[in-house]
Amino acid sequence: MEEGPYKYIRDGNGKVIRVIRIGTRKSQLARIQTDSVADKLKELYPDIQLEIMPLVCFQIGEKSLFTKELENALERNEVDLVVHSLKDLPTTLPPGFTIGAVLKRENPHDAVVLHPKNVGKTLDTLPENSVIGTSSLRRAAQVKKRFPHLIFKDIRGNLNTRLKKLDEKDDFAAIILAAAGLKRMGWENRISQVLGPEDCMYAVGQGALAVEVRARDTDILEMVSLLHDPDTVLRCIAERAFLKQLEGGCSVPVAVYTQVKDSQLYLTGAVYSLDGSDSLKDTMQTSIAASDKVNPEEVDDRVQRVGVTARKVSGEAQDRAERLGIDLANLLLSKGAKDILTVARQLNDAS
Ligand code: DPM
């Protein structure tokens, strides 16, 4: 067998082939997401050998810990790629890692799941002081602003746990979750209302899956690069650049809404105070018509934009998408976005 850190086996004809190992967390959503990427790889490369490795991840409050466990396994060459929800990945990855693929986005919007006793209602028609479950500052701020008669309380745990808490107790009138996660779990039938951008804009990267790889593993990078969906990558680069420029993390009330129409990329971005009473929102657009021909020989794998490597997507279009996010963030910063976010962060840390 060949030397090196990777795993190889002999196929039926005695030929040595590399085994591609995919790391995943053990939650049902993580397994479903990983399987869907594995299926797409199998479709593109029928001859590859895939192995899915469930990794034990300790989630001790801090969200970044569970992506870190997967990165440790990547770093030690125990796995070759890991699948994440893009929205859980920071805008700057630790050195040595890159997002080698961003798959076509599912419905990026948030959805309302009602307690069975409230079926038929909407956020608008729920009674005064109904309790809505979410731990997302972004969702609470926007929905509070729009529907001031509602009250918000934290709800934690994976999707299975949350639905159970909703259905089996009387603590929540409804909960708000990403439509994409519900759909992947096969719980679309529980969605009573999908929130449009006027009610609640989504989180940066929401609804898109990302494949994280070792930045220098060119074979794997090349292999997964076919999974990129160009429109989704460009939208997500703009969204991530917006968040990065605002110096926002996953725990600040920042929301986005993007569209691609006629080679134009539109980005709406907003920041909110915790109760939504203070906010700044604006929209900018850029052309993403690519005049550069993508020549794989000339593309530098080390080029990363907000943690993403997309060598088969026009570099010029990616640059413009990134610029769009930075420009929109600077526009909001010039209007006082920093103060809104600083206060929100302080109040949230204190609570
Ligand atoms: C992040 C947030 C949440 C997750 C914050 C936000 C929601 C936390 C909560 C960054 N990650 O959205 O404002 O509701 O308390 C998460 C989910 C998915 C990926 C579940 C969900 C599935 C959807 C996707 C948790 N991360 O948001 O309902 O792949 O985009």
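Residues numbered from 1 in each chain as written. Predicted model: local features only at pLDDT ≥ 70, side-chain atom pairs only at ≥ 80, totals over all residues. Heavy atoms only, no water.

This is how the line gets drawn: UniProt positions are given in the numbering used here, feature names are shortened, and annotations may be inferred rather than shown by experiment.
Under an unreviewed UniProt entry, the name given to the protein is Porphobilinogen deaminase, and the source organism is Sphaeramia orbicularis. The record in UniProt for the protein states the following under Catalytic activity (unreviewed entry): "4 porphobilinogen + H2O = hydroxymethylbilane + 4 NH4(+)". Under the UniProt heading Pathway (unreviewed entry), the note attached to the protein is "Porphyrin-containing compound metabolism; protoporphyrin-IX biosynthesis; coproporphyrinogen-III from 5-aminolevulinate: step 2/4."

### Topic: the packing of aromatic side chains
Filter applied, for reference: Classification of ring pairs rests on two measures: the distance between centres of Phe, Tyr or Trp rings, Trp counted by its six-membered ring, which must be within 6.5 Å, and the angle between planes, read as stacked under 30 degrees, edge-to-face over 60 and tilted in between. A helix here means a DSSP run of H or I that spans at least four residues, while a strand means a run of E at least two residues long, and both kinds are numbered starting from the N terminus. A positively charged side chain is recorded as over a ring if its NZ (Lys) or CZ (Arg) lies within 6 Å of the ring centre. The angle to the ring normal must also be within 35 degrees.
Applying the stated criterion across every chain yields a total of 1 aromatic pair. With centroids separated by 6.0 Å and ring planes inclined at 65°, the aromatic side chains of Tyr202 and Tyr257 adopt a geometry described as edge-to-face. One end of the pair, Tyr202, is in the loop between strand E10 (191-195) and strand E11 (209-214); the other, Tyr257, is in strand E12 (residues 254-261), and 55 residues separate them in sequence. Over the aromatic face of Tyr266 sits the side chain of Lys261, whose NZ or CZ is 5.6 Å from the ring centroid.

### A word on the environment of Asp275
Heads up, the rule is: Throughout, a contact is declared for two residues whenever any of their heavy atoms are within 4.5 Å. Counted as a polar contact is a pair of N or O atoms within 3.5 Å, where, for protein atoms, one must be capable of donating a hydrogen and the other of accepting one, and residues adjacent in sequence contribute only when both atoms are in side chains.
Structurally, the position occupied by Asp275 is in the loop between strand E13 (264-272) and strand E14 (279-287). The spatial distance from the C-alpha of Asp275 to the C-alpha of Glu168 is 28 Å, given a sequence separation of 107 residues. Every residue in contact with Asp275, bar those within four places of it in the chain, is listed here: Ala141, Lys144 and Lys145. In terms of polar contacts, Asp275 uses its side chain to reach the side chain of Ser277, at 2.7 Å.

### Description of the nonpolar core
Note the threshold: Residues belong to a common nonpolar core when they are buried Ala, Val, Leu, Ile, Met, Phe, Trp, Tyr or Cys residues joined through side-chain atoms within 4.5 Å. Exposed residues in this analysis have more than 50% of their type's maximum accessible area, buried residues have under 20%, and partly exposed residues fall in between, with area computed by a 1.4 Å probe over protein chains only.
Leu86, Ile99, Val102, Phe242, Leu246, Val254 and Val271 are the most contacted members of the largest nonpolar core, which has 47 residues in total. If you list the elements that add at least two residues to this core, you get helix H2 (64-75), strand E5 (97-102), helix H7 (230-245), E12, E13, helix H8 (315-334) and helix H9 (337-350). In terms of residue count, H7 provides more of this core than any other element does, 8 residues in total. What Val254 contacts, discounting residues up to four positions off in sequence, is Arg138, Tyr202, Phe242, Leu243, Leu246, Ala270, Val271 and Leu341. Residues Ile22, Ile48, Leu50 and Met223 belong to the second largest nonpolar core, which totals 19 residues.

### Some thoughts on the pairing of E11
Under the convention used in this document: Criterion used throughout: strands pair if DSSP finds at least two bridges between them.
With 6 of 6 residues buried, E11 lies mostly within the body of the structure. Both E5 and E11 contribute to a ladder of 5 bridges, which runs antiparallel. Within E11, the position partnered with Thr98 by the bridge is Val213.

### Points about the site of the ligand
Condition: By convention in this text, a residue qualifies as near a molecule or strand provided that one of its non-hydrogen atoms is within 4 Å of it. Shrake-Rupley sampling with a 1.4 Å probe provides the accessible areas, and residues are treated as covered by the protein chains on show and by no other component.
Neighbouring the ligand are 18 residues, the closest being Lys87, Asp88, Ser136, Arg139 and Gly207. Ser136 places a side-chain nitrogen or oxygen 2.7 Å from an oxygen atom of the ligand. Here Arg138 contributes a side-chain N or O atom positioned 2.9 Å from an oxygen atom of the ligand. Coverage of the ligand by the protein amounts to 88% of the 630 Å² it exposes when considered alone.

### Some points on the domain arrangement of the protein
Put simply, the test is: Residue ranges for the domains originate in an automatic or database domain assignment. When two components associate, each loses some accessible surface as probed by a 1.4 Å sphere; the sum of these losses over both components is called the buried area. Each reported salt bridge corresponds to a side-chain nitrogen of Lys or Arg within 4 Å of a carboxyl oxygen of Asp or Glu. Under the convention adopted here, Pro, Cys and the residues Ala, Val, Leu, Ile, Met, Phe, Trp and Tyr are nonpolar, Asp, Glu, Lys and Arg are charged, and Gly plus all remaining residues are polar.
As assigned here, the protein comprises domain 1 (7-106 + 205-350) and domain 2 (110-194). A C-alpha centroid distance of 26 Å is found between domain 1 and domain 2. Counting from both sides, the interface comprises 23 residues of domain 1 and, opposite them, 16 residues of domain 2. Here domain 1 and domain 2 share an interface that buries about 1,600 Å² over both sides, 58% of which is from carbon and sulfur atoms. Interface area lost by domain 1 to domain 2 is led by Leu29, Glu106 and Gln206, which between them contribute 29%. Here Glu106 and Lys183 are joined by a salt bridge, their closest N and O atoms 3.3 Å apart. At the surface where domain 1 touches domain 2, the tally comes to 8 residue pairs in polar contact (both at pLDDT 80 or more). Broken down by secondary-structure element, the contributors of at least two residues to the side of domain 1 that touches domain 2 are helix H1 (28-44) and E12. Of the residues forming the side of domain 1 that touches domain 2, the biggest block, 4 residues, is contributed by H1. When the residues that make up the side of domain 1 that touches domain 2 are grouped by side-chain class, the tally is 10 nonpolar, 10 polar and 3 charged.

### With respect to the side chain of Arg18
When you line up the elements, Arg18 lands in strand E2 (residues 16-24). Residue class for Arg18 comes out buried when judged on its relative accessible area of 14%. A polar side-chain atom of Arg18 sits 3.1 Å from a polar atom in the side chain of Asp80. Within the local environment of Arg18, its side chain forms a polar contact with the side chain of Asp217, the two groups lying 3.0 Å apart.

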